[in-house]
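Residue-level structural notes
Each chain, written out:
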Amino acid sequence: MDKNTLKRFFAAVLALALAFSLSACGAGPQGSGGSTVVRPAQDLREAEEMREAFDEFQLRVFTEYIESDYTAAHIYFKDLENNAYGIDPDSIEVSFGGGFTEEEMRESEDYYRDLGEELKGFDRDLLTARQQDIYDAMEDEIGYSLAMSEERFDYYAQLLSPVSGLTKNIPSLFTGWDLRNERDAEDVITLLGDLPRYFDEAEGYISEQQERQLLITDFDAIITDCSDIIEKGGDSSVLRALIEQLPDLGLTDEQIADYTARITEAYTGPYISAFEDLKAFIEEIRNGFNSTGSYADFPDGTEYYELILWSSSGSDMGAEAMYDYMEGRSDLKTDLLYKTIYSDSTLLDEYLDESNDDTGFADYNEILNFIFSKMYEDYDEVRDLEYNVEIASPEEKLSERNVLAYFLIPPVDAGHLQQMRVSPDAQDVQTLTAFGTIAHEGFPGHMYQYAYIYDNCDSPYIMTLGSDGFVEGYAMYAEYNAFDYLEDRFKRGYLDLHVVDSQMSYIDSLLTDIGVNYYGWTAEDVLDFFTEMGYDLPTETAQEMYDDFRYDPAAYAPYAFGYEYIAEMRENAEEELGSRFSSKAFNRALLEAGPVPLDIVKRHTEQYIDDPASYE
């Protein structure tokens, strides 16, 4: 679960939260991408003043962002009382936020417009190369956020997505909620108590959305989610996860008993009642409008979908160009698939026999430890890396969201403890799929990725930028590369088949996503697409896939497009450099810019191609 998912959900509906940096991550000797124009000596003072002002601007923007969003402040800071950035913890309202009224939506639009105008006031040419990276990342995020804030898109955000909406994300949020001190215990009681207000405002938004015939949901699924939470009541793993942390807060037995009672009261009272009210609300509106189509059927739906695609993919390529790009990548995978199969006459039969898919690992931590022992052959070392794997709560319903595991973003001020949670319904730990999942969420994926960012960035602002296309695209890249470490356990061709099979699956999913939400495909079109691709897909499965794509648009974009774009960067580097190519040097170039839009990352890998020696 990445930062942008949390921000889109808990911040204002159309106000994607911004997080910016004073400076970019640690770079190679040539800087971190871009170029700084050489000015005459008399302009040096102007340049220095511009750079200082830019740093102050970003510090102000970041501080305002943290102070306006309690959930983000809690996730990114373990100790706000002693933060180094001038953030006032007492100014942060403990709530889920809002943004559901048209007045708040216009305030969001004005905010991004003013922010964009302020950014334009800086002469980009006078900024350092590192600052130019941040300038471009800011310009990108302001661009799509301002576009999403247009009045015509006021009621396009789907709060009732059965895949990633209210009834899925709230339980998941509290399952992973850390209580670090007594203030956190007080705050979580307040936060639980705020849920009825938050849901009530959301219901007002949904009512207007339905009136405008812009609602896309599955009423039965939402009602089932609410019912499950209500029926569990106080016998909830979410509640237990909160209470079990109290003994670690340095409290007396009396205080622990008091907080246990108060948290339980807040959970079984306002928290449960919020879901009861939401269930009643859904039952009341279920006979009203609910689209059986996708965004493509709405008046401005294709334009709005392209904005979601832009945000999710980390690229403003556009739906049509991205579809063509992914088709081209699919053709390359098909050629590689046939080449791999024909290289060994027994390979395909071995691959189709599931009994051969056994890595020999006994548990998830064993996989992490194995990869950790290998990965520094290809990646720079990071300091003080601690990690663990836990089984997620069944109440998070990860399997219903097609989530095998997820990574918990660590606070920027709390060292290198990296944590991930695995679905209790996840695959057998001994399979290649399980190995890939752990590599993606763990090493050398997100766990390493964030440890590297926190080690090599001199500011938390770029750390929290979290452009999905790079964050998830890198994790896919790291996952696939990790299969190289299994060459002493499997045939090389067998591993290649597994990787290419996975890549083609993601590509096909993104193509279908664009087909449904941009080109207006029906469930029958989805079935035809996969039939033409050679899949024997049942009609019921095609309908389920169609529904998933319209309920959660562009969900595959950061994984599929992000990976392919990064893979193409590496292919270009290997082709250009030949024997001079180094995976460790390339990975350093790939990671040094931080979690920024993909075109900025590409500048760094091209810089590596131009001067590989500077990365050694």
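Residues take numbers from 1 onward in each chain, read along the sequence in its written order. At least 70 in pLDDT is required for a residue's local features to be given in this predicted model, at least 80 for side-chain atom pairs to be given and counted, and no such filter applies to totals for whole chains, interfaces and linings, which use all residues. Hydrogens and water are ignored here; the side-chain numbers use all heavy atoms of the structure.

Attention shifts here to the overall build of the protein. A run of H or I in DSSP becomes a helix once it reaches four residues, and a run of E becomes a strand once it reaches two; helices and strands are each numbered from the N terminus. Each helix and strand counted, the protein has 24 helices and three strands in total. A globule of 616 residues ought to have a C-alpha radius of gyration of about 25 Å, and the protein, at 24 Å, matches this closely. Reported as C-alpha extents along the three principal axes, the dimensions of the protein are approximately 70 × 65 × 55 Å. Counting every position in the protein, which comprises 616 residues, the buried fraction comes to 59%. Contacts in the protein between residues far apart in sequence, at least 24 positions, make up 81% of those at least 6 positions apart. A gap of 4 Å separates the mean positions of the 42 positive and 129 negative side-chain charges of the protein. When we talk radius of gyration, it's over C-alpha atoms, and the globule rule is simply 2.2 Å times the number of residues to the 0.38. Relative accessible area decides the class of each residue, using a 1.4 Å probe on protein chains only: under 20% of the type maximum gives buried, over 50% gives exposed, and in between gives partly exposed. The contact rule is simple, with two residues in contact once any of their heavy atoms fall within 4.5 Å. In this tally Asp and Glu are treated as negative and Lys and Arg as positive; neither His nor the chain ends contributes. Every charge is mapped onto a representative atom, which is NZ of Lys, CZ of Arg, CG of Asp or CD of Glu.

Relative to the helices and strands, Leu-368 resides in helix 14 (residues 364–375). Residue classification places Leu-368 among the buried positions, given a relative accessible area of 0%. Taking the C-alpha atoms as reference points, Leu-368 and Tyr-387, 19 residues apart in sequence, are found 8.7 Å from one another. If sequence neighbours within four positions are ignored, Leu-368 has contacts with Tyr-387, Val-389, Met-420, Ile-438, Gly-442, Phe-443 and Met-447.

Right, let's talk about helix 24 (residues 598–610) for a bit. In this model, helix 24 (13 residues) spans 18 Å end to end at C-alpha, consistent with the 18 Å of a helix rising 1.5 Å per residue. Listing the buried residues of helix 24 in full gives Leu-598, Ile-600, Val-601, His-604, Thr-605, Gln-607, Tyr-608 and Ile-609. Along its buried surface, helix 24 packs onto helix 5 (129–148), helix 11 (301–313), helix 18 (468–482), helix 22 (557–577) and helix 23 (583–592). Here, expected helix span is obtained from the residue count minus one, scaled by 1.5 Å.

Our focus in this paragraph is unusual backbone geometry. Cis peptide bonds are those with omega within 30 degrees of zero, and the linkage from Phe-443 to Pro-444 qualifies with 0 degrees. Its identity as a non-glycine residue notwithstanding, Gln-213 has a phi of 60 degrees, on the positive side. Relative to the helices and strands, Gln-213 resides in the loop between helix 7 (182–211) and helix 8 (219–232). The partly exposed category is assigned to Gln-213, whose relative accessible area is 48%. Backbone geometry places Ala-554, a non-glycine residue, at a positive phi of 65 degrees. For Ala-554, the position within the fold is in the loop between helix 21 (539–551) and helix 22. You can call Ala-554 buried: its relative accessible area is 1%.

With that out of the way, let us pick up the packing of helix 6 (residues 166–175) against helix 7. Their axes nearest at 13 Å, the elements helix 6 and helix 7 cross at an angle of 170 degrees. Classified by the angle between their axes, helix 6 and helix 7 sit roughly antiparallel to one another. The segment helix 6 lies against helix 7, with Leu-166, Ile-170 and Phe-174 engaging Val-188, Leu-191, Leu-192, Leu-195, Tyr-198, Phe-199 and Ala-202. Of the residues that constitute the contact of helix 6 with helix 7, the class distribution is 10 nonpolar, no polar and no charged. Each axis is a line fitted through C-alpha atoms, and for a helix only the stretch in contact is used; angles between axes span 0 to 180 degrees, taken between their N-to-C directions. Angular relationships are summarised with four words: roughly parallel below 35 degrees, roughly antiparallel beyond 145, roughly perpendicular across 65 to 115, and oblique for the angles in between. Residue polarity follows a fixed list, in which Ala, Val, Leu, Ile, Met, Phe, Trp, Tyr, Cys and Pro are nonpolar, Asp, Glu, Lys and Arg are charged, and the others, Gly among them, are polar.

Let us look at a negative patch on the surface. Patch building starts from residues that exceed 30% relative accessible area and form no salt bridge, then joins like charges within 9 Å and nonpolar side chains (Val, Leu, Ile, Met, Phe, Trp, Tyr) within 5 Å. Accessibility throughout is a Shrake-Rupley quantity obtained with a 1.4 Å probe, and a residue counts as covered only by protein chains that appear here. Salt bridge, as applied in this entry: a Lys or Arg side-chain nitrogen positioned within 4 Å of an Asp or Glu carboxyl oxygen. A contiguous patch of negative charge on the surface is contributed by Glu-46, Glu-48, Glu-49, Glu-52 and Glu-56. Along the chain, the position of Glu-46 falls in helix 2 (residues 44–68). Residue classification places Glu-46 among the partly exposed positions, given a relative accessible area of 40%.

In this fold, Asn-365 is placed in helix 14. The exposure class assigned to Asn-365 is partly exposed, which follows from its relative accessible area of 30%. A sequence separation of 25 residues divides Asn-365 from Glu-390, and the C-alpha atoms of the two residues are 9.5 Å apart. Apart from residues lying up to four places away in sequence, Asn-365 is in contact with Asn-388 and Val-389.

As a further point, take the pattern of salt bridges. Two side chains carrying opposite charge are able to pair once their charged atoms lie near each other. Tallied over the entire structure, the rule returns 36 salt bridges. A salt bridge links Asp-178 to Arg-180, with the nearest nitrogen and oxygen atoms 3.9 Å apart. Take Asp-178: its relative accessible area is 30%, and that puts it in the partly exposed class. For the salt bridge of Arg-492 with Asp-484, the shortest nitrogen-to-oxygen distance reads 2.8 Å.

Residues belong to one nonpolar core when they are buried, are Ala, Val, Leu, Ile, Met, Phe, Trp, Tyr or Cys, and are joined through side-chain atoms within 4.5 Å. Phe-174, Tyr-271, Tyr-448 and Tyr-474 are the most contacted members of the largest nonpolar core, which totals 196 residues. Among the elements that take part in this core, helix 10 (residues 253–285) stands out by supplying 13 residues, more than any other. Contact partners of Tyr-474, with chain neighbours within four places excluded, come to Tyr-379, Pro-444, Gly-445, Tyr-448, Gln-449, Ile-566, Leu-590 and Leu-591.

The criterion for an aromatic pair is that two Phe, Tyr or Trp rings (for Trp, the six-membered ring) have centres within 6.5 Å, with stacked assigned to planes under 30 degrees apart, edge-to-face to planes over 60 apart and tilted to the rest. For the structure on display, the rule yields 61 aromatic pairs. Ring plane angle 90 degrees and centroid distance 6.0 Å describe the contact between Tyr-450 and Tyr-454, whose orientation is recorded as edge-to-face. Taken together, the positions of Tyr-450 and Tyr-454, both in helix 16 (residues 446–456) and four residues apart, correspond to about one turn of that helix. A relative accessible area of 7% means that Tyr-454 is categorised as buried.

What follows concerns helix 14. The terminal C-alpha atoms of helix 14 lie 16 Å apart, and with 12 residues this matches the ideal 16 Å at 1.5 Å per residue to within 8%. Listed as buried for helix 14 are Tyr-364, Ile-367, Leu-368, Phe-370, Ile-371 and Met-375. The buried side chains of helix 14 occupy one side of the element, clustering within an arc of 165 degrees when seen end-on. Where helix 14 begins, the side chain of Asp-363 points an oxygen toward the backbone nitrogen of Asn-365, at a separation of 3.1 Å. By construction, the arc corresponds to the directions joining the helix axis to the C-beta atoms. Polar contacts, as counted here, are pairs of nitrogen or oxygen atoms within 3.5 Å of one another; within protein the pair requires one atom able to donate a hydrogen and one able to accept it, and residues that are adjacent in sequence qualify only if both atoms are side-chain atoms.

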